[in-house]
Structures are given as C-alpha cells and as structure tokens.
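The residues making up each chain are set out below.
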Amino acid sequence: MTIYALSSGPGVSGIAVIRISGPDTSKVLGLMTGKEVPAPRVASLRKINKIDTSELIDEGIILWFPGPESYTGEDMAEIQVHGSKAVIDAIHTSISNIENCRLAEPGEFTKLAFQNGKINLLKAESVADLISSETEIQRQQAIKIMNGKSADQFNFLREKLLKILSHIEAKIDFPDEDLPNDILEEIKKSSNEVLINIEKILDDQKVGERIREGFKIAILGPTNAGKSSLLNHLSNRDVAIVSEIAGTTRDVIETHLNIDGYPVIVSDTAGIKSPKMRLKRKVSNYL
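Residues numbered from 1 in each chain as written. Predicted model: local features only at pLDDT ≥ 70, side-chain atom pairs only at ≥ 80, totals over all residues. Heavy atoms only, no water.

(A) Expanded view of the sheet that holds strand E7 (residues 215-219). If you trace the three strands from one edge of the open sheet to the other, you get E7-E9-E8, paired in mixed fashion. Each edge of the open sheet is held by one strand with a lone partner, namely E7 and strand E8 (253-259). Recorded for the sheet is a direction-independent mean angle of 25 degrees between the axes of neighbouring strands. Note: E7 against strand E9 (residues 262-268), five bridges, orientation parallel. Its bridge partner being in E9, Phe-215 is matched across the sheet by Val-264. (Pairing = 2+ DSSP bridges. Helix = DSSP H or I, 4+ residues; strand = E, 2+ residues; numbered from the N terminus. Axes fitted to C-alpha atoms, helices over the stretch in contact; angles between N-to-C directions.)

Rendered as structure tokens:
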C-alpha cells in the first residue's frame, strides 16, 4: 500500500509539501508529471497534472528518495507546490484515484520509519514531541532525545546488565572452573551501580513529562481578590472578565504561557467562599 499526506502545516501558505511513500511512489510521480522519476535527492522542477484529464494543477519541485535510503525506508517522494487549499485538494484527489494509494494516518510516515528500522522508538516519540513543541525548552528536550543521548544512557545500562548476566551464568555453568575469586563481588558492585542509575532515572520528579505537557498552576483565593486581574497581567491580554462584582468567574479559565522557555498553564478559578455563603447562594437560587 502506498500512502500520501500533506506534511507541511495546514492552511494557506507559500509552499506546501505533500509526501508519498510506498511501492507505487514512482508510478504516482509518472502519472502526475508524465515523466520518469528524477535523479535521487535532486530537486527537479516539474508540471503536475490531474491524472484523469491531464489538466495542469501546479508547477512545483519533485524530490525522489528511493528506498531503503529514505526516511521511511520505502520508495518515497516529496512534492513541493503552492500552499493553497485548491492545489492541495486537487493533488490529493488525483493520487486517491490511483490503485493501492490511500491517505496516510497521523504519524504513519514515522511509524513506517520505526517499523523498517530507520529510527528507534525513542526517536519516533521525540519526532512527535519536536513537532508539537511550543517553547525553547521543549525543543531542546526533543532534540536531545532525537540525537540519541537518552538511548545511549539506556544502552549503557543494558550492556552492564548483559555483562552481569554472563558472569552469573559462568558461575552457575562452570562452578569447578578456575574463575576469578572476586567475580561475586564484581557482580554485586555492578548490580548496585545499575540499580542506583535506574533509581536516578525514575526519581526525576517527572521533569520530562512536565516540560512536555506544561507546568500547571492554579490561582486560588477568595472572591474579588484580583485573581482574574493577575491572569490578565501575566497573559498581557484580557483573558478573563474583570469586574467589581464578586463571583464573576464561574468556570476555570486557562491560558498557556511561555516563561523563560518553560511551558506554563495558568488557571483562573472561582473564588473560594465559606460554607455559609455557599449555602445562602444555593437557597437563593431556589427562591
């Protein structure tokens, strides 16, 4: 099956990139351009036509990446055209008329890259984090994982565990052999080192998760204490309604901020009242 999708952002733009991946990629390019595929990884200007009528859709750049030397590990191509909705829809419609071609699901190109051994699971997840990153700290964290720094740490622990396992198996299988006397001490020492490293990784206060999803802060306080005014001041815009009348804020109002590169979600809440005031208000609602 050959898949295709808009890989650049939705909406009107100067350029849109449509990615195609699968065994029929070269066939798609041939039918839409009327020419053979260009040289690998060389930008080529081509006229892109409708398959059924040969009507010109647009003129754009074709990039051809034969597998397995491509992002997905399959034959892959990118079509760069003007980013209007009409052009994108016309190209998608033409490709959909070709047998064994369908619209890609979200993240399917990266999924293929993982399944074909082009990237590992950590890098696949980091690609999604990088795409959705909104702040500098989020971008740095995604790039760090993408570059394999986290994977190197885990691979180091894996190698130590394999070495420990080999020592244990040697001690069990060859008890009468002339093995080093301190092998048990070495196993114990290495095991403790691995255990300490794993505990450090687990005891990170979920920093990575907080950076990915954002630090959540709630503004709490009595009614008419200025919570909404504080939220508007932090946001530099009128996010919440400000009024001298107590109880204006009924629902939780959230705003997303970028504070020194850290994503922060600030929530404005309704004022905290005493139980007597809440009871009085409930009774008044029924009168």
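(B) Main features of the pattern of salt bridges. Inspection of every chain in the model, using the stated rule, returns six salt bridges. Note that Arg-19 and Glu-78 form a salt bridge whose closest N and O atoms lie 3.1 Å from each other. Of this pair, Arg-19 sits in strand E2 (residues 13-21) while Glu-78 sits in strand E5 (residues 76-83), and the two are 59 residues apart along the sequence. This pair shows no difference in class: Arg-19 is buried, exactly as Glu-78 is. (Salt bridge = Lys/Arg side-chain N within 4 Å of Asp/Glu carboxyl O. Buried < 20%, exposed > 50% of the residue type's maximum accessible area, 1.4 Å probe, protein only.)

(C) View of helix H1 (residues 25-33). Among all positions of H1, only Thr-25, Val-28, Leu-29, Met-32 and Thr-33 are buried. Within H1, the buried residues cover an arc of 105 degrees as seen down the axis, which keeps them to one side. The positive-phi residue at the C-terminal boundary of H1 is Gly-34, with phi of around 75 degrees. (Arc of directions from axis to C-beta.)

(D) Molecular detail of the sheet that holds strand E1 (residues 2-6). Spatially, E3-E4-E5-E2-E1-E6 is the arrangement adopted by the six strands of the open sheet, whose pairing is mixed. Strands at the two margins of the open sheet, each flanked by one partner only, are strand E3 (44-49) and strand E6 (101-103). The sheet shows a mean angle of 30 degrees between the axes of neighbouring strands, taken without regard to direction. With six bridges joining them, E3 and strand E4 (residues 56-65) adopt antiparallel strand pairing. Following the sheet pairing, Leu-45 is matched in E4 by Ile-61.

(E) How the structure looks around unusual backbone geometry. Residues Gly-67 and Pro-68 are joined by a peptide bond in cis, for which omega reads 5 degrees. Inspection of the secondary structure assignment puts Pro-68 in the loop between E4 and E5. Non-glycine residue Arg-41 carries a positive phi angle of around 60 degrees. With respect to the secondary-structure elements, Arg-41 resides in the loop between H1 and E3.

(F) Helix H2 (residues 85-96), seen in detail. When the terminal C-alpha atoms of H2 are compared, their 16 Å separation across 12 residues agrees well with the 16 Å that a helix rising 1.5 Å per residue should span. Along H2, the residues classified as buried are Val-87, Ile-88, Ala-90, Ile-91, His-92, Ser-94 and Ile-95. (Expected span 1.5 Å × (residues − 1).)

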